[in-house]
Amino acid sequence: ADNENGKLGSRINQALALQSLGQYRRAKNLLEQINAQLQNQPDTLLKADSLRSLAFTLQTIGDLVKAKEILEQSWDISDKLNSPADSSATLFSLGNLAKIFQDDEAALIYYQEAAKLAVDDLTKVQALLNQLNLLIALEAESEIQAIVPEIQAKLSNLPPSRDGVYARVNFAENLMKMQQRLMSQPEMGQLL
């Protein structure tokens, strides 16, 4: 219907559908075509979203360095356009990549920023849960004590959904890790 953004948005949705079907190579090819079209256009949230989708696909097929480069482009655009929701989503993805690269400190910073910018409870909880997981691995007891009540409060605000259930399970797994570590270190037992 001569709506170029609408056409591109539909193609991005097609790529997301391909991703959900596990057809990452086809999704990658489609997203690369879309991003080539968007490259010469002004920066928009559609462009940032398309880049983030391409980065996810690249990450899934193992091209981590290129995924990071593309996520940084997406973050630059969403930050420039002052979109906290898009910036939060991109920072969350950058945190996941940093974790894969075993750069826990960078991942922690990305997750903290993602949580700060999150505009909905689910995104905030997911970023906080990833922070908690890292803090447990880093044995950062005081930070763990500060973040657990915040996660509990946000979890209670989540509406019933599959993502909400996954968040609750993730939280329970983290609590079990904390409990196991505390049982192996009796002097830390008073933390829980």
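As shown above, the structure is provided for reference.
Residues numbered from 1 in each chain as written. Predicted model: local features only at pLDDT ≥ 70, side-chain atom pairs only at ≥ 80, totals over all residues. Heavy atoms only, no water.

Draft legend 1. Fine view of the packing of aromatic side chains. Scanning the model with the defined rule gives two aromatic pairs in all. Measuring from centroid to centroid gives 6.2 Å for Trp-75 and Tyr-110, while their planes differ by 80°, and the two rings are edge-to-face. Separated by 35 residues along the polypeptide, Trp-75 in helix H4 (residues 64-80) and Tyr-110 in helix H6 (residues 104-117) bring together distant segments of the chain. Taking the relative accessible area as the measure of exposure, Trp-75 reaches 30% and is therefore partly exposed. Given the relative accessible area of 16%, Tyr-110 is considered buried. Measuring from centroid to centroid gives 5.7 Å for Phe-92 and Tyr-111, while their planes differ by 50°, and the two rings are tilted. Taken together, the residues Phe-92 in helix H5 (residues 84-100) and Tyr-111 in helix H6 connect sequence positions 19 residues apart. With relative accessibility at 19%, the residue Phe-92 sits in the buried group. (Phe/Tyr/Trp six-rings, centres within 6.5 Å; stacked < 30°, edge-to-face > 60°. Helix = DSSP H or I, 4+ residues; strand = E, 2+ residues; numbered from the N terminus. Buried < 20%, exposed > 50% of the residue type's maximum accessible area, 1.4 Å probe, protein only.)

Draft legend 2. Summary view of the nonpolar core. Counting 50 residues, the largest nonpolar core has Ile-34, Leu-132, Ile-144, Ile-151, Leu-155 and Phe-171 as its most contacted members. When residues of this core are assigned to their parent elements, the largest contribution, eight residues, is made by helix H7 (residues 121-138). Not counting the four nearest positions on each side in its chain, Leu-132 is found in contact with Ile-144, Ile-147, Val-148, Ile-151, Phe-171, Asn-174 and Met-178. (Core = buried A, V, L, I, M, F, W, Y, C linked by side-chain atoms within 4.5 Å. Contact = heavy atoms within 4.5 Å.)

Draft legend 3. Layout of helix H2 (residues 24-39). In this model H2 runs 21 Å from its N-terminal to its C-terminal C-alpha over 16 residues, within 8% of the 22 Å that 1.5 Å per residue would give. Along H2, the residues classified as buried are Ala-27, Lys-28, Leu-30, Leu-31, Ile-34, Asn-35 and Leu-38. Against the buried residues of H2 lie helix H1 (4-20) and helix H3 (45-61). (Expected span 1.5 Å × (residues − 1).)

Draft legend 4. Local environment of the environment of Gly-95. Summarising the element assignment, Gly-95 is placed in helix H5. The class of Gly-95 is buried, set by a relative accessible area of 0%. Between the C-alpha atoms of Gly-95 and Ala-107, which are twelve residues apart in sequence, the distance is 4.1 Å.

Draft legend 5. Just the pattern of salt bridges, in detail. Within the structure shown, the criterion is met by nine salt bridges. Put simply, Asp-86 and Arg-52 hold a salt bridge, and the shortest N to O gap is 3.2 Å. Residue Asp-86 is located in helix H5, and its partner Arg-52 is located in helix H3; the two are separated by 34 residues in the primary sequence. Considered together, Asp-86 and Arg-52 belong to a single accessibility category, that of buried residues. The shortest N-O distance in the salt bridge between Lys-116 and Glu-113 comes to 3.1 Å. Pair noted here: Lys-116 and Glu-113 are both in helix H6, with a separation of three residues, about one helical turn. One connected set of salt bridges, linked through shared partners, spans Asp-43, Lys-47 and Lys-80. (Salt bridge = Lys/Arg side-chain N within 4 Å of Asp/Glu carboxyl O.)

Draft legend 6. Representation of the environment of Asn-3 in the model. Following the sequence through the fold, Asn-3 ends up in the segment before H1. Asn-3 gets classed as partly exposed once you look at its relative accessible area, which sits at 44%. Residues Asn-3 and Ala-36, 33 residues apart in the sequence, show an inter-C-alpha distance of 18 Å.

Draft legend 7. Representation of helix H9 (residues 162-184) in the model. Across its 23 residues, H9 extends 33 Å between first and last C-alpha, which sits within 8% of the 33 Å expected from 1.5 Å per residue. Burial in H9 covers these residues: Gly-164, Ala-167, Phe-171, Asn-174, Met-178, Arg-181 and Leu-182. Those residues of H9 hidden inside the fold are in contact with H7 and helix H8 (141-157).

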